[in-house]
Amino acid sequence: MISGIKNFFRKLKVVENSFQKYNEYIQKENSTIIMGNSIIRFDLEDKIEQRNYVKIGSKGLISAKFIFESEKGEVNIGNNVHLGGVTFISRNRIEVHNDVTMAWGITIYDHNSHSVYWEDRKNDNHQCYEDFINNNGNTVASKDWSKVISKCILIESKVWIGFDVTILKGVTIGEGAVVGAKSVVVRDVEPWTVVAGNPAVVIKYLPEYKK
């Protein structure tokens, strides 16, 4: 029993140490625990801005990957938030309010990565290839972000998100909403509803729901 507890905290220390490289860009309450294979990744280290890219409140259990493909983006997480395995990819802003629960395999992505218009993205593959060859595998070293749409994502308090959910740019998930497993959320979710599917639609109204 005692050795198991020691091993648990030893693993936590290893994970915490993986954040030390970017410690100056993180604001985290001491009571929050960073778990599992959590990482913070900056694809353009030479362009990092002097600010907090990640803010995490108190009493959280966080298993997550925070990915910043450019110098832009931020992820703000409130208090009493449990993340079982979430990938945040941000160039704009992702906000998670208090008392939110998320399962595993979740991706929250606040930009398009490429333009939907061929003329605007026709050189993207060539750019990725050249960057990979010339920048030690970094495929976004010279990426032109001017044609890529990005919009803030907001997840309000008391939300529960099931496993393997994808949440895309510009979405607000209202207070107390539930998102069913494997859903793809492309539009706003009303408070106190249950949504599911691809694209996610309302399948149930919870007792607290008020139009």
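Look a little higher up for the structure.
Residues numbered from 1 in each chain as written. Predicted model: local features only at pLDDT ≥ 70, side-chain atom pairs only at ≥ 80, totals over all residues. Heavy atoms only, no water.

**Q** It is not clear to me how the environment of Tyr117 should be interpreted in this structure. Could you clarify?
**A** Within the secondary structure, Tyr117 is located in the loop between strand S10 (106-109) and helix H2 (118-121). You can call Tyr117 exposed: its relative accessible area is 57%. As for Tyr117 and Lys147, which are separated by 30 residues in sequence, their C-alpha atoms are 9.1 Å apart. (Helix = DSSP H or I, 4+ residues; strand = E, 2+ residues; numbered from the N terminus. Buried < 20%, exposed > 50% of the residue type's maximum accessible area, 1.4 Å probe, protein only.)

**Q** Would you mind showing me how to read unusual backbone geometry here?
**A** Across residues other than glycine, the phi torsion is negative in most instances, and most of the peptide bonds are trans. Here the bond from Asn198 into Pro199 is cis, since omega is 0 degrees, no more than 30 degrees from zero. Along the polypeptide, Pro199 turns up in the loop between strand S17 (193-196) and strand S18 (201-205). The backbone phi angle of Lys59 is positive, close to 55 degrees, even though this residue is not glycine. Lys59 sits in the exposed class, given a relative accessible area of 60%. One non-glycine residue, Asn136, adopts positive backbone phi at about 55 degrees. Counting through the fold element by element, Asn136 comes out in the loop between helix H3 (124-134) and strand S11 (153-155).

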